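Here are the chains, one letter per residue:
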Amino acid sequence: MSDAPEDPPAYRPYVPYVPAPAVEIGPRLNRLPLAAPWQWLRLGWQDLRREPAIGLFFGACFALMGLAVLMVFRHAPIYTLALCAGFLLVGPLLCLGLYDVSRRLERGEPVSLHLVLGAWMDNVAQIAIFGAVLLILEMLWGRAALVVFAVSFDGMPDFAGSISRLLDASHLGFIVAYLAVGGLFAGLIFAVSVIAMPLLLDRDTDAVSAGLASLKLCLGQPLVMLQWGLIVTVLVVLAMLPGFAGLLVVGPWLGHASWHAYRAALPPDEVGPPAQ
């Protein structure tokens, strides 16, 4: 057995640990200033003033849908929720036309009603998938609302003919629960769709990626998006008070402004040509 000393271990220089860079999921999003929603409203108002006739057409559609909800509530309130669900599904599809108006104005392209009405055909399959997701969320919302009715009343209450009967102080527990459930689902729908629809219109992307990009924006910049959601809610509620007449202007105004919200969120190099 050899008594020769062992060779010393080879010198290995210290190499500090450098973590791998995080992989960013979805498109890269801009950091938005807190006052950004007011800029979107300003730009949306400019688009509405440039194409008022098309804006009023879509605004009339919104107003008529609101009046339909009111008429159904007066005569058959049990079906009001289902009609409201249809309102929230058809609304984003109508807004696609408004997004296309803003996009065409931005690019200096011709704008006409027959062109923008077919905007959803650019990416029809993915828009349909996203619409199906919204439909599922609306169905869950409707089911949850029926549960609130069931635990709040002994049988289905009759509120036909007067909203004031629904808002009676004796129904305070029901009103709070109903608004809480509605706020939860409305917040979820807002989070997954706030820029998803204009993204599906403007880029050849899929419904899942568009929804995740929208959710990423809301989770990553909650103060800006909460402010935007609050502005949208307040304007829509105020527009509904005078017999839904305010939706003639507020509806298309918010549609155009939502396009500019999408444009502000995605950097120019992340915004591609329209889907084919």
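Please read all numbers here as calculations on a predicted model, not as lab measurements. (Residues numbered from 1 in each chain as written. Predicted model: local features only at pLDDT ≥ 70, side-chain atom pairs only at ≥ 80, totals over all residues. Heavy atoms only, no water.)

(A) Broad picture of the packing of helix H1 (residues 36-50) against helix H10 (residues 222-240). With their axes 9 Å apart at the nearest point, H1 and H10 run at an angle of 45° to one another. Relative to H10, H1 is oriented oblique. Contact residues: H1 offers Pro-37, Trp-38, Trp-40 and Leu-41, while H10 offers Val-224, Met-225, Gln-227, Trp-228, Ile-231 and Leu-235. (Axes fitted to C-alpha atoms, helices over the stretch in contact; angles between N-to-C directions. Helix = DSSP H or I, 4+ residues; strand = E, 2+ residues; numbered from the N terminus. Parallel < 35°, antiparallel > 145°, perpendicular 65-115°, else oblique. Contact = heavy atoms within 4.5 Å.)

(B) Spotlight on the side chain of Ser-258. Along the polypeptide, Ser-258 turns up in helix H11 (residues 247-265). Using a relative accessible area of 14% as the deciding quantity, one classes Ser-258 as buried. Aside from chain neighbours lying at most four places away, what touches Ser-258 is Tyr-99, Pro-198 and Trp-228. (Buried < 20%, exposed > 50% of the residue type's maximum accessible area, 1.4 Å probe, protein only.)

(C) Spotlight on the nonpolar core. With 59 residues, the main nonpolar core has Trp-40, Leu-41, Met-225 and Trp-228 as its most contacted residues. Of the residues forming this core, the biggest block, 9 residues, is contributed by H11. Non-local contacts of Met-225, meaning those with residues more than four positions away in its chain, are made with Trp-40, Phe-190, Val-194, Leu-217 and Cys-218. (Core = buried A, V, L, I, M, F, W, Y, C linked by side-chain atoms within 4.5 Å.)

(D) Quick peek at the pattern of salt bridges. Within this structure, the stated rule accounts for 7 salt bridges. A salt bridge links Arg-263 to Glu-106; the shortest N-O distance between them is 2.7 Å. Of this pair, Arg-263 sits in helix H11 while Glu-106 is found in helix H3 (residues 80-107), placing the two residues 157 residues apart along the sequence. Since its relative accessible area comes to 40%, Glu-106 is described here as partly exposed. Taken together, the shared-partner salt bridges connect Asp-100, Arg-103, Arg-104, Glu-106, Arg-107, Glu-109, Asp-202 and Arg-263 into one network. (Salt bridge = Lys/Arg side-chain N within 4 Å of Asp/Glu carboxyl O.)

(E) Quick look at the UniProt feature "transmembrane region" (unreviewed entry) in the protein. Mapped onto this structure's residue numbering, the UniProt feature "transmembrane region" (unreviewed entry) falls at residues 53-73, 79-99, 140-160, 172-196 and 225-250. Taken end to end, residues 172-196 comprises 92% helix and 0% strand; its first and last C-alpha atoms sit 35 Å apart. In the segment residues 225-250, helix accounts for 77% and strand for 0%; the C-alpha atoms at its two ends are 19 Å apart. (UniProt positions renumbered as here; feature names shortened; annotations may be inferred.)

(F) Quick look at the environment of Gly-59. With respect to the element layout, Gly-59 can be found in helix H2 (residues 52-75). Separated by 194 residues in the primary sequence, Gly-59 and Trp-253 place their C-alpha atoms 8.7 Å from one another. Those residues in contact with Gly-59 that lie beyond four places of it in its chain are Leu-247, Leu-248 and Pro-252.

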